Each structure stands twice: as structure tokens, then as C-alpha cells.
Amino acid sequence: MHRIRNSRYMQFIAASLFALSVLYLAVRKHGYALEHTSVLLSLTIVFPLYLAVVYRMTIGRIKRSWKACVSVAAFGLVIVYVIIPPPLREQYRFIKYVFFVIESLFIVIELWIAWSIIRNLRAFIRTFRVKKTKHFYFLSTYAHTIEAVFRRPVFLLRIMITEIAVLYYLTYRKKRRHLPLPYPTYSYHKKTEYFGVFLMLVHAMLIEIVGVHWLVMQWSEVAAWTVTFFDVYFLLVLIADYRAITLSPIILAPDRIHIQLGIRSFVELEYANIEEITWDVTQKPKRKKETDAYSVALLGFFDEEPKLEIRLRQPVEVIGLLGRKNTVRKLYVTVDDAHGFYETVSENWKRVLQGK
């Protein structure tokens with residue numbers, strides 16, 4: 001399923017970059033055509049609509065969201081405004097008004113969220129401490145806390161989960177006297193090649209930040225700093241994700257399995273909901289076609305087969321980036337100590353079934 005999602009994202013990025021390149025070259029060579037109001041109006045409508053349609057046909061096929069389509073279209077409008085020559089921007093003033101409305105809306109939403117947090121801060125901290133003893137991970141603790149404390153702006157607070165997790169894991173300092181959990185834990189990063197992949201990505205992004213900033217600066221100073229801001233943000237996300245991976249092993253509590261894959265996603269799985277845990281993993285061609293499976297594995301230089309497969313009786317929800325929810329019926333798990341994980345899960349599973 002992760003491969004299908006990554007493929008959709010790559011298709012969206014490729015189609016967007018292609019359209020952006022065509023738009024940029026057309027404006028540079030035939031900018032005089034934009035002096036006609038009808039042409040400029042068509043461009044302002046068609047390009048954002050194109051991005052929204054491409055999003056719906058690629059990423060939107062995995063998870064439908066009209067909010068995401070609207071956001072993509074709004075971003076397309078921003079791109080059109082930046083590419084349009086400065087003299088024509090004054091001629092086409094209504095675009096500015098659209099930006100002012102969108103910016104004002106975001107400010108109102110941020111103030112509403114800030115006021116909701118401040119008003120319920122004491123209850124939030126108290127509930128967070130209680131939930132932390134049951135859910136262990138920051139992502140799941142935060143998600144359950146906002147569900148318990150806040151009612152109206154829960155969705156808005158949920159989509160901020162990635163940004164808050166980035167801040168949390170970048171600033172987290174493990175205490176020296178930190179007591180280990182009384183339950184078995186299993187890491188999933190020590191015997192993989194992900195650390196090498198992580199270093200490669202960090203080096204590539206550092207080079208990209210400098211190179212892309214210099215290239216875009218030749219065209220627009222504002223665009224250069226905008227691109228640099230997002231590049232630095234993605235670099236911080238990558239670092240926070242790696243820290244979360246090292247600090248968040250799989251936890252086998254007496255009643256359920258707690259899994260957090262970096263800052264990307266988390267899921268809680270009750271033993272009673274397990275239909276089977278097996279070493280007989282579904283073949284790769286069939287796995288590529290599955291849309292209801294969740295892979296607990298890290299990217300490596302080589303494509304390795306999952307160690308274990310957990311099939312469920314009832315579907316469970318996986319909470320991903322920006323609070324997006326996905327329903328799965330099967331988990332593919334790769335851990336450093338696969339045999340120990342299998343034996344512990346099997347014992348807890350049999351104990352829970354016998355207890356019924």
C-alpha cells in the first residue's frame with residue numbers, strides 16, 4: 001500500500017512540475033498575450049483547476065478530501081500570481097483580494113485554535129498526562145487528548161499533529177533516570193539500512209537548499225526564500241522523524257500492540273482483533289495491489305520482504321500525516337527481533353482468547 005501511495009504522490013508531483021514548466025515557458029515567451037483580460041482570466045482559472053483535477057486523479061484516489069483539493073487549487077493560484085509579470089498584477093487586482101481573504105481566513109483559524117488551546121490548557125495538560133500512561137507514544141497521546149478535551153476544533157487540531165510532533169521530537173531530551181516500560185518493546189531500525197538512507201537524504205537536502213536557493217534567486221528573491229523555507233522545514237521533518245523512530249519502539253502491552261512509525265503514522269491493535277499472525281507473508285505482486293494493508297518497515301537500499309504478517313478480524317484505523325485516517329485489515333511487520341516479537345504476540349494473543 002505504501003508503494004501505491006508513493007506512486008500516486010510521484011505522479012502528482014511529475015504532472016504538476018510539467019504543467020508548471022509549460023506555464024513558465026509560455027509566460028516568458030508569450031507574455032504579451034496576458035495583456036488581454038480574457039487570456040489572463042482563463043489562465044487564472046485553468047491552472048488551479050488543473051492541479052485540483054490531477055490531485056483528485058492521483059493522490060485523491062487513495063483518500064478523497066475536498067479540503068485538500070481546495071488547498072491545492074489555492075496553491076495553484078499563488079503560483080499563477082508569482083509567475084505573472086509585475087505590471088499585469090496591478091491590472092488584475094482581484095487576485096490580491098483573493099489572497100487577502102485566504103490569509104485573513106487562516107489568521108482567524110489560527111487565532112481560534114490558539115484561543116481554544118489557551119482556554120483549555122490546564123485540562124489539556126492534565127488529560128495529556130493521564131493518556132500518556134495508556135498510549136505511551138506522543139502521537140497517539142496527543143490524538144486521544146484533543147478528542148477528550150476539545151469538541152469543535154478537533155479536526156483543525158488533528159491536522160496540526162505533524163507540526164507539533166516535529167517540534168516535540170526536535171526538542172525532546174531523554175532523562176537519564178527515565179524508567180523503562182514494564183512491557184516488552186521491539187525496535188525496528190537497528191538491523192536495517194535506514195540510517196544510511198537517512199544520512200544520504202540529509203546530505204542531498206543540504207546541497208539542494210544551497211543550490212536551489214541560488215538558482216531561484218536569479219529569478220525571484222521572494223520565491224528563493226520561500227523555497228528555502230520549505231526545504232529547511234522538510235529537513236527538520238526528516239530529522240524529527242528519525243528521532244521518533246529511535247525513541248518509539250513497538251510496545252506489546254497486555255491488551256494491545258502499540259505501533260508508531262516515526263512521525264508518519266500510528267496504530268493501536270487489540271490482541272482480540274488478531275485473526276492470525278504468520279511467517280507466511282503475501283507475495284510481492286499481490287501486496288502491490290492491496291489498498292487495506294499497513295507496512296511497519298523502513299526504507300532501505302534494497303527491497304526486502306516483510307518478516308511477519310498480521311491479519312485482522314475487523315478493520316482498524318491508522319492515523320497518518322496531518323491526522324489523515326486510513327482503514328486497514330492487515331499489517332506487515334519487520335522488527336529487529338522477529339522471533340521474540342512473534343512469540344510474545346502469540347502468547348498474549350492466546351491468553352486473551354482463552355480469557356474470553
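The text that follows walks through the structure, step by step, so that each part is easy to find. (Residues numbered from 1 in each chain as written. Predicted model: local features only at pLDDT ≥ 70, side-chain atom pairs only at ≥ 80, totals over all residues. Heavy atoms only, no water.)

**A few points about the overall build of the protein**
Within the protein one finds 13 helices and eight strands. The 356 residues of the protein split such that 42% are buried. In the protein, 72% of the contacts between residues at least 6 apart in sequence involve partners at least 24 apart. Roughly 21600 Å² of accessible area belongs to the protein as shown, and the carbon and sulfur atoms make up 64% of that amount. (Helix = DSSP H or I, 4+ residues; strand = E, 2+ residues; numbered from the N terminus. Buried < 20%, exposed > 50% of the residue type's maximum accessible area, 1.4 Å probe, protein only. Contact = heavy atoms within 4.5 Å. Areas by Shrake-Rupley, 256 points an atom, 1.4 Å probe, with all protein chains shown as cover.)

**Some points on the pairing of strand β4 (residues 265-270)**
With five of six residues buried, β4 is to be regarded as a mostly interior element. The turn joining strand β3 (residues 256-261) and β4, which pair antiparallel and follow one another in sequence, is formed by three residues; a positive phi near 60° is taken by Gly262. (Pairing = 2+ DSSP bridges.)

**Section: unusual backbone geometry**
Despite not being glycine, Phe136 shows a phi value in the positive range, around 70°. Position of Phe136 relative to the elements: it lies in the loop between α6 (121-135) and α7 (138-149). Judged by relative accessible area, Phe136 falls into the buried class, the value being 18%.

**Considerations on a nonpolar patch on the surface**
Residues Phe75, Val78, Val82 and Trp219 make up a contiguous nonpolar surface patch of about 350 Å² in total accessible area. Mapped onto the secondary structure, Val82 falls in helix α3 (residues 66-83). By relative accessible area, which is 31% here, Val82 ends up partly exposed. (Patch = residues over 30% accessible without salt bridge, like charges linked within 9 Å, V, L, I, M, F, W, Y side chains within 5 Å. Salt bridge = Lys/Arg side-chain N within 4 Å of Asp/Glu carboxyl O.)

**Points about the packing of helix α10 (residues 194-217) against helix α11 (residues 221-247)**
With their axes 8 Å apart at the nearest point, α10 and α11 run at an angle of 170° to one another. By the criterion of interaxial angle, the relationship of α10 to α11 is roughly antiparallel. (Axes fitted to C-alpha atoms, helices over the stretch in contact; angles between N-to-C directions. Parallel < 35°, antiparallel > 145°, perpendicular 65-115°, else oblique.)

**Side note on the environment of Phe266**
Position of Phe266 among the secondary structure elements: in strand β4. The sequence separation of Phe266 and Phe138 amounts to 128 residues, and the corresponding C-alpha distance is 9.8 Å. Apart from the residues lying within four places of it in its own chain, the contact partners of Phe266 are Leu139, Ser140, Ala143, Ile161, Ile259, Gln260, Tyr294, Glu317, Val318 and Ile319.

**Overview of empty space enclosed by the protein**
The method is simple in principle: a probe with the dimensions of a water molecule rolls over the atoms, and the space it marks as empty is what remains. According to the stated counting rule, one finds one cavity of 30 Å³ or more in the structure shown. Here the largest cavity defines a volume of roughly 40 Å³. Lining the largest cavity are Leu139, Ile161, Thr162, Ile263, Arg264, Phe266, Ile319, Gly320, Leu321 and Leu322. (1 Å grid on protein atoms, 1.4 Å probe; cavity = no way out; pocket = protein on both sides within 12 Å on 5 of 7 lines; lining within 4 Å. Points joined across faces, edges and corners; volume = space filled by probe spheres on them.)

**Regarding the side chain of His258**
If you trace the backbone, His258 turns up in strand β3. With residues up to four places along the chain from it excluded, the contact list for His258 reads Lys134, His135, Phe136, Tyr137, Pro249, Ile250, Ile251, Ala253, Val267 and Glu268.

**Considerations on the packing of aromatic side chains**
In this structure the tally under the stated criterion is 15 aromatic pairs. Between Tyr194 and Tyr242 the ring centres are 6.1 Å apart and the planes differ by 20°, which places this aromatic pair in the stacked class. With Tyr194 in helix α10 and Tyr242 in helix α11, this residue pair connects regions lying 48 residues apart in the sequence. Given the relative accessible area of 4%, Tyr194 is considered buried. Here the aromatic cluster, defined as three or more aromatic residues joined through ring pairs, consists of Phe124, Phe128, Phe138, Tyr142, Tyr168 and Tyr169. (Phe/Tyr/Trp six-rings, centres within 6.5 Å; stacked < 30°, edge-to-face > 60°.)

**Looking at the nonpolar core**
Generally speaking, soluble globular proteins have nonpolar side chains that are buried together. One finds Ile250, Ile257, Tyr294, Ile310, Leu331 and Phe341 to be the most contacted residues of the largest nonpolar core, which totals 40 residues. The greatest single-element share of this core, amounting to six residues, is contributed by α10. Formed by 21 residues, the second largest nonpolar core is a distinct cluster that contains Ile113, Ile146, Ala165 and Ala244. (Core = buried A, V, L, I, M, F, W, Y, C linked by side-chain atoms within 4.5 Å.)

**Describing the side chain of Asn348**
The topology assignment puts Asn348 in helix α13 (residues 338-355). Judged by its relative accessible area of 12%, Asn348 is buried. When neighbours within four sequence positions are excluded, Asn348 is seen to be in contact with Leu252, Ala253 and Tyr271.

**Here's the deal with α6**
In this model, α6 (15 residues) spans 20 Å end to end at C-alpha, consistent with the 21 Å of a helix rising 1.5 Å per residue. Every buried residue belonging to α6 is among Phe124, Thr127, Phe128 and His135, and all of these are buried. Of the surrounding secondary structure, the elements contacted by the buried residues of α6 are α7, β3 and β4. A positive phi of about 70° marks Phe136, the residue just after α6. (Expected span 1.5 Å × (residues − 1).)

So, to be careful, I would describe these as geometric facts and stop short of saying anything about function.
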